[in-house]
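Chains, contacts and geometry: an overview
Residue strings, one per chain:
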Amino acid sequence: MNQPPRRPQTDLRNDQGTLEELIAQRTAELNLLNAKLSKAQEHLIQSEKLASIGQLAAGVAHEINNPIGYIFSNFGTLENYLTDLFRMLDAYEAAESAHCNAQTLAELQALRAEVELDFLKEDIPTLMRESKEGIVRVRKIVQDLKDFSRVDLNPDWQFVDLNQGIDSTLNVVNNELKYKADVVKAYGDLPAVQCLPSQINQVVMNLVLNAAHAIGPERGKITVSSGQAGDTVWIDVSDTGSGIPPDVVPRIFDPFFTTKPIGKGTGLGLSLSYGIIQKHQGSITVQTEVGKGTTMRVTLPITQPAGAQASDGTMTQ
Ligand SMILES: Nc1ncnc2c1ncn2[C@@H]1O[C@H](COP(=O)(O)OP(=O)(O)O)[C@@H](O)[C@H]1O
Ligand SMILES: [Mg+2]
């Protein structure tokens, strides 16, 4: 008879139900917001990093370019002058025995011995040649840095020779590679590809550095190849390094995921690369075997689908 009213209980259950729903909804919203925030942070880091590297490289290249230019040109002139001076010196030497008295001859002889004239004659051209080689190398590095950053050119979508970009990038990071691995280049014929060149260079650099890091104490091999497949092109970076364990593979593109010690890896290289390649409507894939090595493949459309290139071509400014 006096049954307790059931309504309040039902209400309470309903309230609990809505509360849980509300919490679930809020959590979902928060998660979404959080994901958006991480994405924004990732973009910020990406643009900042690219911009600073690009600007630094371009700035240094620009500053060095000018002095190197006149050193190189003066060197050529100096070489000509020296040749003339040596000719003159030879003439004096030939004339001295006919025109000098014994005492002057002895003095000249002593001086010649003191300054080691014969050695100078041999060594000066060698020094000149070696210095010239050095300057030519510096000029090449500067040119590579300029090509690599391309900040001096229009930082917009351009049709470029990707093989040339890969070459410049390999030269820029050569120092990191040369003690660890032999670098094999196997470029195919590529058409000009529409891209943001400095960002593609950045991707290649990340892949090549990862390849180098994956190689242990024993000298390894890094192969960079490229080719065309239909209306796309591909770039492969293969290494004979450690390979990536299957449980790690799904995480390598995550921002801040790294297996490297603190200070060595930022865990950003691949996530930045992924973002860049996505912006290019391309793809980046991995093939790997533990103990054998890894191949990272970047595929890019030769021409950007209509409208795609409008999206943020200003990243490197
Ligand atoms: N070629 C490779 N060989 C082996 N492991 C790799 C290779 N490339 C990437 N990885 C793995 O992916 C992780 C993330 O790479 P990345 O985003 O470039 O960050 P970082 O190089 O700073 O660690 C690396 O720490 C490494 O574990
Ligand atoms: Mg890396």
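Counting from 1, residues in each chain are numbered in the order their sequence is written. Starting at A for chains and at 1 for ligands, labels are handed out in the order in which the entities are written. Local features in this predicted model are restricted to residues whose pLDDT is 70 or higher, and side-chain atom pairs enter the listing and the counts only when it is 80 or higher, whereas totals over whole chains, interfaces and linings include all residues. Only hydrogens and water are set aside; all other atoms, that is, all heavy atoms of the structure, feed into the side-chain values.

Quick word on the overall build of the protein chain
Segments assigned H or I by DSSP are reported as helices when at least four residues long, segments assigned E as strands when at least two residues long, and all are numbered from the N terminus. Along its length, the protein chain carries six helices and seven strands. Shown N-terminal to C-terminal, the secondary structure of the protein chain runs as helices and strands in the order α-α-α-β-α-β-β-α-β-β-α-β-β. Out of the 317 residues in the protein chain, the part that is buried amounts to 33%. Within the protein chain, counting contacts between residues at least 6 apart in sequence, those at least 24 apart form 75% of the total. Computed with a 1.4 Å probe, the accessible areas rest on the Shrake-Rupley method; for each residue, only the protein chains presented here act as cover. When the accessible surface of the protein chain is totalled, it reaches about 19,700 Å², and 56% of it is carbon and sulfur. To sort residues, take the accessible area from a 1.4 Å probe on protein chains only and compare it with the maximum for the residue type: under 20% means buried, over 50% means exposed, and anything in between is partly exposed. Working rule for contacts: check all heavy atoms of both residues, and any pair within 4.5 Å makes them a contact.

Considerations on the packing of aromatic side chains
Where two aromatic rings form a pair, the distance of their centres and the angle of their planes describe that pair. Each pair of aromatic rings taken from Phe, Tyr and Trp, with Trp reduced to its six-membered ring, is defined by centres within 6.5 Å and is described as stacked if the planes are under 30 degrees apart, edge-to-face if over 60, and tilted in the remaining cases. One pass over the structure, following the stated rule, counts one aromatic pair. The positively charged end of arginine 139 is found above the aromatic ring belonging to phenylalanine 72, 3.9 Å away from the centroid. Placement of a charge over a ring requires the Lys NZ or Arg CZ to be within 6 Å of the ring centre, with the centre-to-atom vector within 35 degrees of the ring normal.

Remarks on the pairing of strand S7 (residues 293-301)
Taking burial as the measure, the nine residues of S7 include seven buried ones, the bulk of the element. The sheet contact formed by strand S6 (residues 283-289) and S7 spans seven bridges and is antiparallel. Each residue of the ladder has a partner; that of glutamate 289, found in S7, is glycine 293. Once S6 ends, the chain turns through three residues before running back antiparallel as S7, passing glycine 291 with a positive phi of about 85°. Two strands make a pair as long as DSSP finds a minimum of two bridges between them.

A few points about the site of ligand 1
Nearness of a residue to a molecule or strand requires only that one of the residue's heavy atoms be within 4 Å of it. Surrounding ligand 1, one finds 19 residues, the nearest of these being Asn210, Thr258, Thr259, Lys260 and Leu270. We call two N or O atoms a polar contact when they sit within 3.5 Å, provided that within protein one can donate a hydrogen and the other can accept it, with sequence-adjacent residues counted only if both atoms are side-chain atoms. Threonine 258 is positioned such that a nitrogen or oxygen atom in its side chain is 2.6 Å from an oxygen atom of ligand 1. Take leucine 270: an N or O atom from its main chain is 2.8 Å from an oxygen atom of ligand 1. Bound to the protein, ligand 1 loses 93% of the 540 Å² it would expose on its own. For the shell around ligand 1, the class distribution of residues is seven nonpolar, ten polar and two charged. Side-chain classes follow a simple rule in which Ala, Val, Leu, Ile, Met, Phe, Trp, Tyr, Cys and Pro form the nonpolar group, Asp, Glu, Lys and Arg form the charged group, and the remainder, Gly included, forms the polar group.

A few points about the packing of helix H5 (residues 197-214) against helix H6 (residues 269-279)
To characterise two packed helices, one gives the angle between the axes of the helices and the distance between these axes. Lines fitted to the C-alpha atoms define the axes, with helices restricted to the stretch that makes contact. Angles between their N-to-C directions range from 0 to 180 degrees. Two elements in contact, H5 and H6, have axes whose closest approach is 9 Å; the angle formed by their N-to-C orientations is 145°. In this structure, the crossing between H5 and H6 has a hand that is left-handed. Contact residues: Gln199, Ile200, Gln202, Val203, Asn206, Leu207 and Asn210 in H5; Gly269, Leu270, Ser273, Ile276, Ile277 and Lys279 in H6. Across the contact of H5 with H6, the residue classes break down as six nonpolar, six polar and one charged. Working rule for handedness: look at the near helix, and if it is turned counterclockwise from the far one by less than a right angle, call the crossing left-handed; if clockwise, right-handed.

Brief notes about the sheet that holds strand S2 (residues 181-186)
Here five strands make up an open sheet; going across it, the order is S2-S4-S5-S7-S6 and the pairing mixed. Of all strands in the sheet, those bounded by a partner on one side alone are S2 and S6. When strand polarity is set aside, the average angle formed by the axes of neighbouring strands in this sheet is 15°. Pairing analysis gives eight bridges linking strand S5 (residues 232-239) to S7, with the strands arranged antiparallel.

Some remarks on H5
Quick reminder: α-helices carry 3.6 residues per turn. Residues three or four places apart thus point the same way. With 18 residues, H5 should reach 26 Å at 1.5 Å per residue; the first-to-last C-alpha distance of 26 Å fits that figure. Burial analysis of H5 places 15 of its 18 residues in the buried class, which makes it a mostly covered element. Expected helix span is given by 1.5 Å per residue-to-residue step, counting one fewer step than there are residues.

Focus: the nonpolar core
Put simply, buried Ala, Val, Leu, Ile, Met, Phe, Trp, Tyr and Cys residues joined by side-chain atoms within 4.5 Å make one nonpolar core. If you look at the biggest cluster of nonpolar residues, it comprises 38 residues, and the most contacted ones within it are Leu162, Leu207, Val208, Ile222, Val224 and Ile252. Contributions of two or more residues to this core are made by helix H4 (162-177), strand S3 (193-195), H5, strand S4 (220-229), S5, H6 and S7.

Digging into the side chain of threonine 169
Relative to the elements of secondary structure, threonine 169 occurs in helix H4. Residue threonine 169 is classed as buried on the basis of its relative accessible area, which comes to 1%. Here glycine 165 takes part through its backbone oxygen, which lies 2.7 Å from a polar atom of the side chain of threonine 169.

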